[in-house]
Amino acid sequence: MATTTAVRAATAALGRCSRRHGSALNNTATRSLSTNPQRVVVTQVSAPPPSPMSSSPSRQPPRHPNDVHDRNSNYADEEARSMGGVTATVRHDWTKAEIAEVYTLPFHELMYRASTVHRMYWDPSEVQQCTLLSIKTGGCTEDCSYCSQSTRHKTFVKPTPTMKVQEVLEAAKRAKDAGSTRFCMGAAWRELGNKKNAFNHILNMVRGVNGMGLEVCCTLGMLNAEQARQLKDAGLTAYNHNLDTSPEHYPNVITTRTYEDRLETIANVREAGISVCCGGILGLGEKETDRVGLLHVLATLPEHPESVPINALVAVEGTPLGDADADEGVDSDGIANVDSFDMARMIATARIVMPRTMVRLSAGRLSFSDAEQYLMFQAGANSIFNGDKLLTTDNPAFDSDTALFQKLGFVGKPAHAGPRVAPSEMLGEIEITKVHGSEQQYA
């Protein structure tokens, strides 16, 4: 905890700027004093390794640390990266106007910038594969207007009891055998509350899945600090708790849980040392200003989420948003009217304002062709959900994703392994600016 505190203090003082890890640097660097005499700026250019990398398949590419806090500590003195005329930085003081300026760029320019930023911080050929299993379906008391699992809506979903631990572990094994490296478990609850027996079962599920060598994620509704701590102790890797949309549009979608409730759960997860997975849904009747507003909240959190899922609404008959979308006589005002350009624009903006965050192409992926999905990967997506179900709606099957990966030349990210160092960094193509706040002189 002391290390984590020190990391957070350092990153807060430097505007959450990060340091490049693991590649050689040229011996020459540009060093100058800023207007602050305590702030020394050093610009270095990443350089190739001393000897060419072996083409042997047994040699693995270098990787960053797996723990997000360890990665951030390695980047603590990095201020910016530049390549191909694009400069990127990890910062937490974005304004809505600045994010809107990025979001509304001409599409070709937005895609170029996002793709370049992606290549400065990530290996674009490596994509994380996650599998999501609904361990408790239906019967939720929330009134989320998009959700088929709410008791307030008459949909095809029928409530089921919580799955047995062994059933979940068998599903996790199938997912691992199919290539997934992160296994996510979702329960249709408003909150864990006093569900002590069910929570104990979930802790056993987390321990069991972690014991298989898989990363483990849960989405269980609201959590208090103690519950988050117990999940961390059981081996939980990440916790998903989406904000869904902007604070302004949120009351039009959900009334049984406040935006502040969601932010409190995210804070509890972060303080427990669990990676935060937090994103939103396009197609909820929101305006572009709401999409910008959601990204503004995420990009100004004390720590950027480890991963940001971008979902396209899968309209379900019987839900308020699903019925509005199906009624030809009603102006749906953008409900479920999401195309590949909408998704790519949202992903690209997320990639630019949160360069070190994994951006996950999530629900709605089945409605997009392989070419459209490639557009989204080019925009900066580097994680997907696979398997034939995403909670209660269809998702591409494992075999389809294997074929897609082969077609696009992608490889899956291993479990419990940090991301690869960006090839452009290893090849000496990135200019990296660092700040040393404690130096008093320069040469």
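Residues numbered from 1 in each chain as written. Predicted model: local features only at pLDDT ≥ 70, side-chain atom pairs only at ≥ 80, totals over all residues. Heavy atoms only, no water.

**A short note on the packing of helix H9 (residues 288–299) against helix H11 (residues 340–353)**
Now for step 1: Between H9 and H11, the shortest axis-to-axis distance is 11 Å and the interhelical angle comes to 25°. Regarding the angle of H9 to H11, the classification is roughly parallel. Along this stretch, H9 crosses H11, giving a crossing that reads as right-handed. In this structure, H9 uses Arg291, Leu294, Leu295 and Ala299 to contact H11, whose residues at the interface are Asp342, Met346, Thr349, Ala350 and Val353.
Now for step 2: Among the residues forming the contact of H9 with H11, the class breakdown is six nonpolar, one polar and two charged. (Axes fitted to C-alpha atoms, helices over the stretch in contact; angles between N-to-C directions. Helix = DSSP H or I, 4+ residues; strand = E, 2+ residues; numbered from the N terminus. Parallel < 35°, antiparallel > 145°, perpendicular 65-115°, else oblique. Left-handed = near helix turned anticlockwise from the far one by under 90°. Contact = heavy atoms within 4.5 Å. Nonpolar A, V, L, I, M, F, W, Y, C, P; charged D, E, K, R; others polar.)

**Quick notes on the pairing of strand S13 (residues 383–386)**
Now for step 1: Neither face of S13 is left uncovered, since the one carrying Ser383 and Phe385 and the one carrying Ile384 and Asn386 both have all their residues buried.
Now for step 2: With four bridges joining them, strand S5 (residues 126–136) and S13 adopt parallel strand pairing. Note that in S13 the partner of threonine 131 across the bridge is asparagine 386.
Now for step 3: Pairing geometry for strand S12 (residues 358–361) and S13, over two bridges, is parallel. The partner of arginine 360 across the bridge, within S13, is serine 383.
Now for step 4: Following the backbone out of S12, through helix H12 (residues 370–378) and into the adjacent parallel S13, one traces a crossover that is right-handed. (Buried < 20%, exposed > 50% of the residue type's maximum accessible area, 1.4 Å probe, protein only. Pairing = 2+ DSSP bridges. Right-handed = clockwise from strand over helix to strand, strands pointing away.)

**Things to note about the state of the cysteines**
Now for step 1: A full pass over the atoms with the stated rule returns zero disulfides.
Now for step 2: Residue cysteine 184 stays outside any disulfide, its sulfur separated by 3.9 Å from that of cysteine 217, the closest cysteine.
Now for step 3: A residue is classified by how much of its surface remains accessible, and cysteine 217, at 3% relative accessible area, is buried. (Disulfide = S-S within 2.5 Å.)

**Quick notes on unusual backbone geometry**
Now for step 1: Despite not being glycine, aspartate 244 has its phi angle at roughly 75°, a positive value.
Now for step 2: Structurally, aspartate 244 is set in the loop between strand S8 (238–240) and helix H8 (259–271).
Now for step 3: For histidine 416, which is not glycine, the phi dihedral falls at a positive 55°.
Now for step 4: Among the secondary structure elements, histidine 416 is positioned in the loop between strand S16 (411–412) and helix H14 (423–426).

**Side note on the side chain of aspartate 342**
Now for step 1: With respect to the helices, strands and loops of the structure, aspartate 342 is situated in helix H11.
Now for step 2: With relative accessibility at 19%, the residue aspartate 342 sits in the buried group.
Now for step 3: When near neighbours in sequence (up to four residues on either side) are disregarded, aspartate 342 contacts Leu282, Arg291 and Asn337.

Keep in mind that these numbers describe shape and distance, not what the molecule does.
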